[in-house]
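# Overview (structure and organization)
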Amino acid sequence: MKNLIYLVPTLSLVSCTSQQVEEKPNVIVILADDLGFGDVSAYGSTTIHTPNIDSLAHGGVCFTNGYATSATSTPSRYALMTGMYPWKNKDAKILPGDAPLIINENQFTLPKMMQQCGYVTGAIGKWHLGDDADGTGPLSQGFIWNVGGNRAGSPYSYFYPYCLPDKSKCHLGLEKGTPGEYLTDRLTDEAVSFIKSHKDAPFFLHLSHHAVHTALQAPASVVDKYKNKPVGKYHTNPVYAAMIEKLDDGVGKICRAIQEMGIEENTICLLYTSPS
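Reading guide: rules and limits
Residues numbered from 1 in each chain as written. Predicted model: local features only at pLDDT ≥ 70, side-chain atom pairs only at ≥ 80, totals over all residues. Heavy atoms only, no water. pLDDT = per-residue confidence, 0-100. Contact = heavy atoms within 4.5 Å. Helix = DSSP H or I, 4+ residues; strand = E, 2+ residues; numbered from the N terminus. Buried < 20%, exposed > 50% of the residue type's maximum accessible area, 1.4 Å probe, protein only. Axes fitted to C-alpha atoms, helices over the stretch in contact; angles between N-to-C directions. Parallel < 35°, antiparallel > 145°, perpendicular 65-115°, else oblique. Left-handed = near helix turned anticlockwise from the far one by under 90°. Nonpolar A, V, L, I, M, F, W, Y, C, P; charged D, E, K, R; others polar. Polar contact = N/O pair within 3.5 Å; in protein donor to acceptor, adjacent residues only side chain to side chain. Phe/Tyr/Trp six-rings, centres within 6.5 Å; stacked < 30°, edge-to-face > 60°.

### Overview of the confidence of the model for the protein chain
In the predicted model, the protein chain carries a mean pLDDT of 86, and 88% of its residues have values of at least 70. Note on residues 1-15: pLDDT under 50 across the span, and 66 contacts to partners over four residues away in sequence or across chains.

### Some remarks on the environment of V120
Assignment of secondary structure puts V120 in strand β3 (residues 120-125). In this structure V120 comes out as buried when scored by relative accessible area, which is 17%. Residues V120 and F204, spaced 84 residues apart in sequence, show a C-alpha to C-alpha distance of 6.0 Å.

### With respect to the packing of helix α4 (residues 183-197) against helix α6 (residues 238-260)
One way to put it is that α4 packs onto α6 with a least axis distance of 9 Å and a crossing angle of 15°. Our classification of the angle between α4 and α6 gives roughly parallel. Read as a crossing pair, α4 and α6 show a hand that is right-handed. Contact with α4, carried on its side by T184, D185, T188, D189, A191, V192 and I195, involves K246, L247, G250, K253, I254 and A257 of α6 and no other residues of that element. In terms of residue class, the contact of α4 with α6 is made up of six nonpolar, three polar and four charged.

### Re the environment of S197
One can find S197 in helix α4. A polar contact is formed between the side chain of S197 and the backbone oxygen of S193, at a distance of 2.9 Å.

### Quick notes on the packing of aromatic side chains
Tallying each qualifying case throughout the model produces nine aromatic pairs. For the ring pair F159 and Y182, a centre distance of 5.3 Å and an interplane angle of 50° mean the geometry is tilted. Highlighted residues: F159 in the loop between β4 (145-147) and α4 and Y182 in the loop between β4 and α4, separated in sequence by 23 residues. Residue Y182 is classed as buried on the basis of its relative accessible area, which comes to 2%. Aromatic side chains Y160 and Y162 sit 5.8 Å apart centroid to centroid with 85° between the ring planes, which places their arrangement in the edge-to-face category.

Encoded structure:
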């Protein structure tokens, strides 16, 4: 898969021009949340093995000297969507759940640019910049497909039905599921569904995982696997390790889907290990 790129620190927003080539590559951005630099085996982990992420690293380009625009989630995501330094917007900071949208509705954004260039745009997973319920979510910023993206800065639960214990808040778009279903797996499946639905047209997919942000939760079978392994120098938490493994599984599933659909030569995959 020659067009896969691993770890990209920044994106610039530019307009489409008539001089651009007619064929447009599909673009997939996979965002992990709070994954550490040394948490994948491609970058030195000896306890947690991440063969699918490693495959992107070895088969693409690794950026080892890149920096997030902020050390916290909301302003960093603001920068990713707008191409702007968050310190230029005084409201681009850690925000409460009922905060207004910090991206002006008229502001040019990455998904708006991609739409302008003829792409079908999809957002799946963590948004943390507003909510479609009041016009501040992904659908107001250039995405035409949103699954699970709302104000939540951390998952209400990593397990179906993806709600707080009192059911007062749930992730929208994930209402149908099965007991025991895991959020990282579900978001991956939603991403594969989006890709299959739009494989014949250029698409831009922003898959933003909650993993490995707290609360630390993972399927018991994977956690048990790491409980029975020797702890490493830096990794001692079996739940955290299991969360990384499930994230890596998801990356592998998406790569295999791209190959099975025969679009790997025209698909660029960008993996950010963390927005902050």
